[in-house]
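Listed below are the residues making up each chain.
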Amino acid sequence: MKNTVNNYSKDFLVSTADVAFFVNDVLAFTGTTSLNTSISVSMEDQEITGGKGNKTLYKFKYGRKLAPSIEMAQWNLAYIAANVGSTIFEGLKDVFVVAEPVTLTKGIGTLKREPVGKVFVEYSDGSTEEIAPAGSTITVGDADGKILATYQYSTNVKRVTVDAESTPFVGRLVMSADKHNNRKGKVGEVQIEVPSFQLNGTFDITLEASGNTTTKLEGDALAVDDDSCTDGSVYAYITEIPSEDSAVAVSDLAVTPSVITLAVNETKPLNVIGIRGGLYSNVSIDIAECEITSSDSSVASVENGIVTAVSTGTAYISVVHNDVEDVVKVIIS
């Protein structure tokens with residue numbers, strides 16, 4: 001009977017990517033609360049058909065496009081500024097207080113802030129009146145009661161202007177995602193760098209009763225010359241960065257089966273599980289990465305993780321991985 005051991009491991013990109021956007025080689029913003037990060041690559045084609053049945057003889061491929069898409073859960077004014085091609089203004093600005101509840105005592109009420117200009121007072125019946133304040137104090141008749149006050153006041157703010165003429169910024173987009181392995185856990189990261197990314201300038205600000213406002217940044221990669229001139233015009237670079245040392249260390253091994261009973265000439269494959277402890281799940285370990293020896297190869301030999309019964313007796317198979325050892329007992333009858 002022939003036994004084989006699956007030594008293949010698989011890599012996966014998990015979750016969303018962190019994002020950085022640079023304009024003129026200056027960091028414009030970062031994003032670490034992504035809900036979705038993706039890159040879409042497409043090509044157009046032209047079919048050449050002919051012959052009996054008008055068969056497709058060839059497809060001419062052209063017009064490759066690359067379109068990144070990012071959706072952020074976090075509110076960041078820089079996302080809007082980059083999308084409309086505007087700088088962020090910081091300084092004094094008149095802003096509104098809308099429908100502030102004010103309690104009147106003998107017609108006198110105190111506002112939370114000092115207004116700039118008139119105060120618009122709304123009564124319980126829905127009617128409104130303009131009142132000239134004295135500092136942060138307003139006088140509305142001479143009775144006790146409650147009103148709603150809407151007014152402007154001056155304070156330091158950050159502001160982005162959405163005008164009719166400016167165009168979205170063009171900059172360098174970097175997306176960094178974690179790469180995991182089904183045997184080792186995290187083994188590195190994958191970075192996608194788009195040297196010239198132009199936002200499309202389209203965005204929605206949706207304020208909902210439930211959930212939170214998200215910001216979507218979409219656009220297209222623009223072709224640029226490669227820095228080394230070896231790749232010609234490029235849209236993006238996809239780079240794998242290994243970091244084997246970031247995988248959680250294995251604290252113990254569990255080799256299965258732990259006891260093997262065989263007849264002469266029979267074989268049995270070994271499987272190795274790494275125990276990481278704590279809150280980390282166990283991982284499969286490639287048998288090729290282990291040092292495997294038999295205490296008596298005349299009784300039981302081992303090669304490529306497969307134990308072969310040679311003669312009657314008892315032997316012990318030692319499996320070592322990164323200085324962690326487990327022993328399997330082999331009984332040959």
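Residues numbered from 1 in each chain as written. Predicted model: local features only at pLDDT ≥ 70, side-chain atom pairs only at ≥ 80, totals over all residues. Heavy atoms only, no water.

> What's the story with a nonpolar patch on the surface in this structure? I'm lost.
There is a patch of nonpolar side chains on the surface, built from Ile48, Leu57, Tyr58, Phe60 and Tyr62 and spanning about 520 Å² of accessible area. Per-element accounting of the nonpolar patch gives the leading share, 4 residues, to strand 4 (residues 55-72). Mapped onto the elements of the fold, tyrosine 58 is located in strand 4. (Patch = residues over 30% accessible without salt bridge, like charges linked within 9 Å, V, L, I, M, F, W, Y side chains within 5 Å. Areas by Shrake-Rupley, 256 points an atom, 1.4 Å probe, with all protein chains shown as cover. Salt bridge = Lys/Arg side-chain N within 4 Å of Asp/Glu carboxyl O. Helix = DSSP H or I, 4+ residues; strand = E, 2+ residues; numbered from the N terminus.)

> Help me out: how do you make sense of the packing of aromatic side chains in this one?
Any aromatic ring pair is given by two values, namely how distant the centres are and how the planes are angled relative to each other. The tally for this structure, following the rule as stated, stands at 4 aromatic pairs. Between phenylalanine 21 and phenylalanine 197, the aromatic rings sit 6.1 Å apart at their centres with planes inclined by 90°, giving edge-to-face as the arrangement. One end of the pair, phenylalanine 21, is in strand 1 (residues 11-23); the other, phenylalanine 197, is in strand 12 (residues 185-199), and 176 residues separate them in sequence. By relative accessible area, phenylalanine 21 is classed as buried at 1%. Each ring, one from phenylalanine 60 and one from tyrosine 62, has its centre 5.7 Å from the other, and the planes form 15°; the classification is stacked. (Phe/Tyr/Trp six-rings, centres within 6.5 Å; stacked < 30°, edge-to-face > 60°. Buried < 20%, exposed > 50% of the residue type's maximum accessible area, 1.4 Å probe, protein only.)

> Is there a simple way to explain the pattern of salt bridges in this structure?
Applying the stated criterion across every chain, the model contains 7 salt bridges. Note that lysine 59 is salt-bridged to glutamate 47, the shortest N-O span being 3.6 Å. With lysine 59 in strand 4 and glutamate 47 in strand 3 (residues 34-50), this residue pair connects regions lying 12 residues apart in the sequence. For lysine 59, a relative accessible area of 35% puts it in the partly exposed group. On the accessibility criterion, glutamate 47 (38% relative accessible area) is partly exposed. Two residues, glutamate 193 and arginine 172, come together in a salt bridge whose shortest N-O distance is 2.2 Å. In this pair, glutamate 193 is assigned in strand 12 and arginine 172 in strand 11 (residues 170-181), connecting sequence segments 21 residues apart.

> Can you help me understand unusual backbone geometry in this one?
Note on backbone geometry: most residues besides glycine have negative phi, and most peptide bonds are trans. Note that the residue after threonine 256, namely proline 257, is joined by a cis bond; omega there is -5°. Here proline 257 shows up in the loop between strand 17 (252-256) and strand 18 (259-262). At asparagine 322, a residue that is not glycine, the phi angle is positive and equals roughly 50°. Along the polypeptide, asparagine 322 turns up in the loop between strand 25 (313-321) and strand 26 (324-332).

> Help me out: how do you make sense of the sheet that holds strand 20 (residues 271-275) in this one?
Paired through their backbone hydrogen bonds, the strands of a sheet run either parallel or antiparallel. Judged by pairing direction, the sheet is antiparallel, and its 3 strands sit side by side in the order 17-20-21 without closing on themselves. What marks the edges here is a single partner per strand, and that holds for strand 17 and strand 21 (283-285). For this sheet, the mean inter-axis angle between neighbouring strands, taken without regard to orientation, is 35°. Across 3 bridges, strand 20 lies against strand 21 in antiparallel orientation. Of the residues in strand 21, the one forming a bridge with valine 272 is isoleucine 285. (Pairing = 2+ DSSP bridges. Axes fitted to C-alpha atoms, helices over the stretch in contact; angles between N-to-C directions.)

> Can you help me understand the environment of serine 333 in this one?
Looking at the element boundaries, serine 333 is found in the segment after strand 26. The exposure class of serine 333 is exposed, given its relative accessible area of 59%. As for serine 333 and serine 311, which are separated by 22 residues in sequence, their C-alpha atoms are 7.9 Å apart. Residues within four places of serine 333 in sequence aside, it is in contact with Leu262, Ala263, Val264 and Thr312. (Contact = heavy atoms within 4.5 Å.)

> Whenever I open this one, the environment of valine 255 confuses me. Can you help?
If you trace the backbone, valine 255 turns up in strand 17. Taking the C-alpha atoms as reference points, valine 255 and aspartate 326, separated by 71 residues in sequence, lie 6.5 Å from one another. In this structure, valine 255 is in contact with Leu270, Asn271, Val272, Val319, Asp326 and Val328, ignoring residues within four places of it in sequence.

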